[in-house]
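# Notes for the structure review
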Amino acid sequence: MKNNNIILMGFMGVGKGSLARELVKRTDRIAIDTDDLIESLENTKVKKIFENESEAYFREREKKLSLWLESSVKNSIISIGGGFYHVGNLQDIGHVIYLESSFDAILDRIKSSHNAEKKLKKRPLLQDMQKAKSLIAERHPKYLASADTVIQTAGKTSASIAEEIIELLGL
Ligand code: S3P
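Around the ligand sit 13 residues in total, of which Lys16, Asp35, Arg59, Arg123 and Arg139 are the nearest. A distance of 2.7 Å is found between an oxygen atom of the ligand and a side-chain nitrogen or oxygen belonging to Arg139. Here the ligand has 390 Å² of accessible area as a free molecule, and 95% of this is covered by the chains. The cavity where the ligand resides is the largest pocket. Tallied by class, residues from the shell around the ligand come to five nonpolar, three polar and five charged.

Structural data, given as structure tokens:
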């Protein structure tokens, strides 16, 4: 059975974290982020996990976390890493919202933020822009297949997307 969490899914840099914070401001819910949890449990950064272990190791950590989210987390906002959709039980964890945007709009969003360089550097899969562009195209159908709701985000503020979600889900 589905838990009553709200899962924010989408490509790297689409604004899952900012949106989670806007939803927290407007509801009685608390937000958690899968990358933050993994970094805390492993006591290192995602970038370092990719470098010192492997992407496969990181994906296994995501899988383990997904089982815990399903068994133990309720009534929360959960922002997930861009590749977390692979875990297999996303639908059991909560209502999945796919934040859809084009690659160019995502890049513009990152580049216009005050810490753009840091945001790019910390993401191992955003180092090669051609590969990242192929990755978003490859993932788009998988995100669609994993989603309960799709929201277009380009040109919208996190605050307005939060309002849209609250209205849509009656939070
Ligand atoms: C990844 C996205 C990242 C992080 C890791 C891998 C991906 O999270 O989990 O670098 O595979 O798309 P964000 O989507 O929060 O950047």
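Read on for the rest.
In summary, the side chains of a regular strand alternate between the two faces of the sheet. A large share of strand E4 (residues 94–100) lies buried, amounting to six of its seven residues. Relative to E4, strand E1 (residues 5–9) runs parallel, the two sharing five bridges. Bridge pairing in E4 links Met9 to Tyr98. As judged from the four bridges shared by E4 and strand E5 (residues 149–152), these two strands associate in the parallel manner. Along E5, the bridge assignment pairs Ile97 with Thr149.

Okay, the sheet that holds strand E2 (residues 31–33) next. An order of E2-E3-E1-E4-E5 is seen for the five strands of this open sheet, with the pairing classed as parallel. The open sheet terminates on both sides in strands that have one partner only, identified here as E2 and E5. Strand after strand, the sheet turns through a mean of 25° between neighbouring axes, direction not considered. Across three bridges, E1 lies against strand E3 (residues 77–79) in parallel orientation. Each residue of the ladder has a partner; that of Leu8, found in E3, is Ser79. This element, helix H8 (residues 129–146), spans E1, E4 and E5 of the sheet and lies at about 150° to E4.

Our focus in this paragraph is the packing of helix H2 (residues 34–42) against helix H4 (residues 55–72). Geometrically, a packed helix pair is captured by the angle between its two axes and the distance between the axes. The interhelical angle for the contact between H2 and H4, taken along N-to-C directions, is 110°, at an axis separation of 10 Å. Judged by the inter-axis angle, H2 sits roughly perpendicular to H4. Packed against H2, whose contacting residues are Thr34, Asp35, Leu37, Ile38 and Glu42, the element H4 presents Tyr57, Phe58, Arg61, Glu62, Leu65, Trp68 and Leu69 at the interface. The residue makeup of the contact of H2 with H4, split by class, is seven nonpolar, one polar and four charged.

This part takes up the nonpolar core. If you look at the biggest cluster of nonpolar residues, it comprises 45 residues, and the most contacted ones within it are Leu8, Met9, Phe11 and Leu90. Look past the residues within four positions of Met9 in its chain and what remains in contact with it is Lys16, Ile80, Tyr85, Leu90, Val96, Ile97, Tyr98, Leu99, Tyr143, Ser146 and Ala147.

The contact between helix H1 (residues 16–26) and helix H9 (residues 158–169) brings their axes to 8 Å, and the two run at 60°. Of the possible angle classes, the one that applies to H1 and H9 is oblique. Every pair of crossing elements has a handedness; the one defined by H1 and H9 is right-handed. For the pair formed by H1 and H9, the contact residues are Ser18, Leu19, Glu22, Leu23 and Arg26 on the first element and Ser158, Ala159, Ile161, Ala162, Glu163, Ile165 and Ile166 on the second. Classifying every residue of the contact of H1 with H9 by side-chain character gives seven nonpolar, two polar and three charged.

What counts and how
- Residues numbered from 1 in each chain as written.
- Predicted model: local features only at pLDDT ≥ 70, side-chain atom pairs only at ≥ 80, totals over all residues.
- Heavy atoms only, no water.
- Near = heavy atom within 4 Å.
- Polar contact = N/O pair within 3.5 Å; in protein donor to acceptor, adjacent residues only side chain to side chain.
- Areas by Shrake-Rupley, 256 points an atom, 1.4 Å probe, with all protein chains shown as cover.
- 1 Å grid on protein atoms, 1.4 Å probe; cavity = no way out; pocket = protein on both sides within 12 Å on 5 of 7 lines; lining within 4 Å.
- Sits in = over half its atoms within 2 Å of the grid points.
- Nonpolar A, V, L, I, M, F, W, Y, C, P; charged D, E, K, R; others polar.
- Buried < 20%, exposed > 50% of the residue type's maximum accessible area, 1.4 Å probe, protein only.
- Helix = DSSP H or I, 4+ residues; strand = E, 2+ residues; numbered from the N terminus.
- Pairing = 2+ DSSP bridges.
- Axes fitted to C-alpha atoms, helices over the stretch in contact; angles between N-to-C directions.
- Contact = heavy atoms within 4.5 Å.
- Parallel < 35°, antiparallel > 145°, perpendicular 65-115°, else oblique.
- Core = buried A, V, L, I, M, F, W, Y, C linked by side-chain atoms within 4.5 Å.
- Left-handed = near helix turned anticlockwise from the far one by under 90°.

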